[in-house]
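Examination of the molecular architecture
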Amino acid sequence: MSWEKEVKELKSRIDLSKKMGGKEKVKRQHDAGRTTVRERIVALIDKDSFREIGGIAGRSEYDDEGNLINFLPANSVIGQAKINNRPVIIYGDDFTVRGGAADAAIHEKMIAGERFANEYRMPIIRLIEGTGGGGSVKSLENDGYTYVPANPAWDWVVKNMSTIPVVSLGLGPVAGLGAARLVSSHYSVIVKKMSQVFVAGPPVVNRLGETVTKESLGGSEIHSKNGAIDDVAQNEAEALLMAKKFLSYLPSSTYELPEKKNNKDPIDRSDKWLIGAVPKDRRESYEIRPIIKSVTDKDSFFEIGKNWGTSSVSGFARLDGHPVVILANNPQVYGGGWTADSSLKIIRIVEIAETFNLPIVHLVDNPGFLVGTHAERQGTIRHGARALAAIYQLTTPICSIILRRAFGVAGAAHMNHTHHKYRFAWPSGDWGSLPVEGGIEAAYKSDLEKSDNPKKLLKDIEEKLNHVRSPFRSAEKFSIENIIDPRDTRKVLCEWINLAANIRTPGPKTFGMRP
């Protein structure tokens with residue numbers, strides 16, 4: 001007596017499940033330039049580390065004797081695996097089975113994957129294609145009834161945003177619930193020309209009278225610039241690499257601290273060109289990204305959301321091996337001023353830093369909020385005030401380097417002034433309630449009107465005030481704590497991070513991060 005027969009049947013069912021939607025559907029997937037969900041998992045994880053859960057779940061047909069005659073696997077593949085030897089949970093949609101629609105899904109698998117990741121404190125990576133568990137009208141005919149909608153696993157989706165790193169990759173057309181799950185992540189990526197994201201696809205939109213294609217409705221040109229997704233990959237392989245890179249900066253959950261890597265880049269490395277990085281002419285701009293790369297560990301800067309909120313730059317980097325969040329103004333877009341979009345971008349990266357105990361390096365050149373009718377129509381002050389609140393709520397350490405400007409309400413948001421101000425300024429620092437150039441004519445209006453030579457008087461006033469605006473005058477009054485040689489920036493940041501790393505306490509925050 002043994003269970004040999006049953007074990008053979010188990011193996012047969014596993015083999016059937018790995019055929020997915022069948023040869024024809026797999027070929028169609030490949031012909032479209034996309035790999036299958038199982039091929040993606042193999043490419044993403046450490047070799048032979050995948051342990052599938054619910055692999056033989058699906059729809060079966062039996063003959064009168066109870067023998068299995070047909071089997072269609074569920075259109076989702078879940079399991080645990082390792083990436084760079086760290087345990088993770090993988091959830092992948094199988095587009096070869098009913099295009100990822102709900103009538104081929106077993107929703108409990110989605111719930112199980114999210115819950116497993118949360119309770120065992122492991123990052124989750126979602127490989128999303130199709131509706132991602134969303135509906136299909138075809139199911140109405142098959143089921144014979146309609147239902148009041150509910151979103152499977154959504155409570156776990158929300159909990160996971162405050163507990164574990166969540167990465168979602170859109171690897172084909174993504175609609176409905178799949179789109180909602182894609183954006184409900186700490187990091188989301190779609191593939192150029194191959195992936196599109198929409199609430200409802202072209203057939204629905206065209207029926208409403210608007211003529212669109214998948215790309216014009218929800219392609220990367222749209223969603224990489226509006227903040228719906230974080231980044232765009234050139235192909236599937238790059239998307240998988242971006243996911244792995246993102247996770248390398250984060251702990252497995254909020255109950256751990258980010259891991260320090262071995263650092264081979266000298267902490268006292270100094271790039272001589274930094275002394276002239278900021279132009280003396282305040283009207284001239286400069287590149288911020290080379291400065292970021294100069295002061296952080298070599299090749300460690302990983303930018304996030306490059307194509308939206310472009311007056312701000314955000315991402316991850318390392319200092320003496322410690323992962324940090326980078327937040328910086330981009331002087332080449334609106335002079336680095338805060339817009340509605342850049343404020344939303346700032347909120348997002350600051351909340352990731354707070355959730356996962358990542359210290360923040362803030363490189364400041366902020367002329368204030370964007371002004372004008374466009375800024376007012378965008379509700380800039382509303383979103384900017386929320387960004388200011390996010391910075392003031394921080395409990396993770398922050399170090400600010402004032403490169404040039406810090407003006408007004410937005411400029412004051414470089415850190416919470418009620419905490420110890422661990423900050424430095426370059427000699428190019430220029431700050432106040434508003435720039436001298438912007439307020440001089442209003443402040444001296446009556447004097448200029450009475451003057452026989454208002455142009456000369458204006459020039460004389462500007463020269464006098466330029467002496468007063470010197471950062472050394474502020475340092476005399478202890479309004480700025482330290483002014484440093486720009487070439488020493490990396491050294492002081494590395495000294496700071498080795499202090500900051502010791503004051504963090506792992507564990508959930510008092511408020512959770514939402515999508």
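Quick look at the structure, then. (Residues numbered from 1 in each chain as written. Predicted model: local features only at pLDDT ≥ 70, side-chain atom pairs only at ≥ 80, totals over all residues. Heavy atoms only, no water.)

**Looking at the packing of helix α13 (residues 340-355) against helix α15 (residues 380-392)**
Orientation of α13 relative to α15, taken along the N-to-C sense of each, is 20 degrees, at an axis distance of 8 Å. Relative to α15, the element α13 is oriented roughly parallel. In terms of crossing hand, the pair formed by α13 and α15 is left-handed. The residues of α15 that touch α13, namely those facing A340, S343, L344, I346, I347 and V350, are T380, H383, G384, R386, A387, A390 and I391. Tallied by class, residues from the contact of α13 with α15 come to 8 nonpolar, 4 polar and 1 charged. (Axes fitted to C-alpha atoms, helices over the stretch in contact; angles between N-to-C directions. Helix = DSSP H or I, 4+ residues; strand = E, 2+ residues; numbered from the N terminus. Parallel < 35°, antiparallel > 145°, perpendicular 65-115°, else oblique. Left-handed = near helix turned anticlockwise from the far one by under 90°. Contact = heavy atoms within 4.5 Å. Nonpolar A, V, L, I, M, F, W, Y, C, P; charged D, E, K, R; others polar.)

**Notes on the packing of aromatic side chains**
Centre-to-centre distance and the angle between the planes together describe a pair of aromatic rings. Tallying each qualifying case throughout the model produces 8 aromatic pairs. Considering the side-chain rings of F116 and Y120, the 5.0 Å spacing of their centres and the 85 degrees angle between planes classify their relative orientation as edge-to-face. Exposure remark for F116: the relative accessible area of 18% places this residue in the buried category. Between Y422 and F424 the ring centres are 5.7 Å apart and the planes differ by 65 degrees, which places this aromatic pair in the edge-to-face class. Taking relative accessible area as the criterion, F424 reaches 9% and is therefore assigned buried. (Phe/Tyr/Trp six-rings, centres within 6.5 Å; stacked < 30°, edge-to-face > 60°. Buried < 20%, exposed > 50% of the residue type's maximum accessible area, 1.4 Å probe, protein only.)

**Digging into the environment of S168**
Within the secondary structure, S168 is located in strand β7 (residues 166-175). Here S168 falls in the buried class, since its relative accessible area comes to 0%. Here the alpha-carbon distance between S168 and Y187, two residues 19 residues apart in the chain, equals 6.4 Å. Sequence-distant contacts of S168, defined by excluding residues within four places in its chain, comprise R126, I128, R181, L182, S185, Y187, S188 and V189. Looking at S168, its side chain comes within polar contact range of the side chain of S185, at 2.6 Å. (Polar contact = N/O pair within 3.5 Å; in protein donor to acceptor, adjacent residues only side chain to side chain.)

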